[in-house]
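Residues per chain are reported as follows:
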Amino acid sequence: MLVRPTAHARPRQPVRTQPSAPSRDQEPDSGPKFTHLPGLSLIVIILSVQATLAALFIRANTAFGDEALYLWAGRLEWSHWLHGTAIPAFATSFGGSPALYPPVGALADSLGGLAAARALSLGFMLGATVLLWGSTARMFGRPAAYFAAGLFAVLGPTLHLGAFATFDAMALFLLALAAWCACAARSKQEATGWMIGCAAALALANATKYTTVLFDPVVLLMAVLSAGPQPGGKVALRRGALLITCLTGLLALLLRLGGPWYVIGIGRTTTQRPAGQDPFGRVFSESWQWTAVVLGAALAAVLISLIKRNSRWLTWLIAVLAGAALLVPAGQARFHTTVSLGKNVDFGAWFACAAAGYALATLVTVPRPRLAKVAVAAVVGLALVPVAANGLIQARALANWPGAGSLIRFLRPLTSHGGHFLAESEAVPAFYLPDTSWQQWSNTFSLTKPDGDAVLVHGASAPFAHAIRQHYFSVVVMSFSATRSMDDQITAVLRQTPGYHLSYVPYTGPVSGNYVVWVYDPATTGARPSQPLAGAGLPGAAHP
């Protein structure tokens, strides 16, 4: 039987329950649509500033020696792959695999010249900034991510690498991709795919530039520490073990495919490179000049984490990121050299910027009133303006090398009719004079015989003296920089050998000075350039 409610009865109200907090595996409700657009606009502004500042240097000078070397080697690699032509054993002297960046850079160069190859590097550096933003957001939240990306984008070494056609930008992008994969899973139980992707990106970064192996432990610790405090230690250890296993296997496979020439190249350029003369103090002092802002903020992040009594997982993660900035200075101090320090420190700065972003974001959250937080955030953001101004000064200093425009115009008619040529750094003229072949060029470290065999001189001038007296070289170019003592010895032989005439070719670009060029004129001696190089004084060809 149906019972009718009385006049005083009320319909039953639904029971209200408190919404449960989202688990760490779930993203919290984003609220109204498009609320993420202001944040996306901010990262677009950061990338635009980085691209604009770096683009100032894309056409600022002719190719640096390393740029010319890698792009020239890339052309030869393509010729070898497509037509089977013989090429030098680049793997024995390069600091990274000649089969990775050089062909990629040469492809860009073929499409738009040196500017396109430098623009490719800019693309890699912009990608590294985006990956820094993504990694920092996963570890410390979006406010820290914006500060980290903004700081990294305006550093002098970052701007320089964005307009520098070498393997550095590509290697840094791959290293950043590995770090992004390492912290992607965070609190999730399953991270196998991310660890495999991390290992693949890290192996490619190591192969692109061998010294990136310094940061393999940093990426490994990121993968482990990102798993705490949840899902916990067992999951963290599984991730670390999987990453080590995959990375070791991939590196062993790549080394197997490369063969003995790569083993020689890794030794010469990375593990057994000759020591320089720079003291420890100078190496760390110059490193501080490049990255003082980042390192200071990163160390402050460690202190802040200790004061806030964060979990040990988070504190150790921040400490690892901050300590990454010291790896390159320590590595170069071991070999007593500051060569390329200005660009190499950017690899450690990428990690340290994540920790610095945490410190700056924490500073912004200290004030309680919302208006005060906005004011502090604006002040911190404006503080990046002088950092950017200093970054421009640093990038300009890093791009300060003798331009070769006048030299190439001077050499073009002299090399168009064949012959053999000696240059302190042969890569620049060889790059700009594509009608010449690599067998025609020698440098002050090795002498190339007519059959292409490279004779390592090991600091001895006798092989060059023997070749010059027989008029083997029709052009000799000296700049008295990297091998000044050798240049002086070669110059003394040239002065005593009939037929060679001296010319001074001014530098182009920001540096003043002259190239010293000796040109052989057979009309003054009645002889013609010969191809001896089989007599006494020449050691055997240097083959692995």
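As a starting point, this report considers the structure included with it. In this convention, every chain numbers its residues from 1, walking through the sequence in written order. Local features in this predicted model are restricted to residues of pLDDT 70 or higher, and side-chain atom pairs are both shown and tallied only at a pLDDT of 80 or more, whereas totals for entire chains, interfaces and linings draw on every residue. By convention in this description, side-chain values take in all heavy atoms of the structure and omit both hydrogens and water.

### Description of the overall build of the chain
Quick note on the threshold: A helix here means a DSSP run of H or I that spans at least four residues, while a strand means a run of E at least two residues long, and both kinds are numbered starting from the N terminus. In this description, contact between two residues means that some pair of their heavy atoms is separated by no more than 4.5 Å. Only the protein chains shown count as cover for residues, with accessible areas throughout obtained via the Shrake-Rupley method and a probe of 1.4 Å.
Counting secondary structure elements, the chain contains 19 helices and seven strands. When contacts within the chain are restricted to residue pairs at least 6 apart in sequence, those whose partners lie at least 24 apart make up 74%. Looking at the chain as shown, the accessible area adds up to about 26,100 Å², and 64% of this sits on carbon and sulfur atoms.

### A word on a nonpolar patch on the surface
Going by this rule: The patch calculation keeps residues exceeding 30% relative accessible area without a salt bridge and links them within 9 Å when they carry like charges or within 5 Å when they are nonpolar (Val, Leu, Ile, Met, Phe, Trp, Tyr). The rule for a salt bridge is simple: a side-chain nitrogen of Lys or Arg has to be within 4 Å of a carboxyl oxygen of Asp or Glu. Using a 1.4 Å probe on the protein chains alone, a residue whose accessible area is under 20% of its type maximum counts as buried, one over 50% counts as exposed, and one in between counts as partly exposed.
Side chains of W78, W81, L82, L107 and L111 sit close together on the surface and give an oily, nonpolar patch of about 560 Å² of accessible area. Only helix 2 (65-83) and helix 3 (101-140) provide two or more residues apiece to the nonpolar patch. At three residues, helix 2 tops the list of elements feeding residues into the nonpolar patch. Along the chain, the position of W81 falls in helix 2. Since its relative accessible area comes to 42%, W81 is described here as partly exposed.

### Some thoughts on the pattern of salt bridges
Tallying each qualifying case throughout the model produces six salt bridges. Of the charged contacts in the structure, one is a salt bridge between E67 and R118, with a shortest N-O distance of 2.8 Å. Residue E67 is found in helix 2, and its partner R118 is found in helix 3; the two are separated by 51 residues along the sequence. Assigned by exposure class, E67 and R118 land together as buried. With a closest N to O distance of 2.4 Å, K209 and D168 form a salt bridge. In this pair, K209 sits in the loop between helix 7 (192-208) and helix 8 (216-225) while D168 sits in helix 6 (residues 167-182), placing the two residues 41 residues apart along the sequence. Looking at D168, the relative accessible area reads 0%, which means it is buried.

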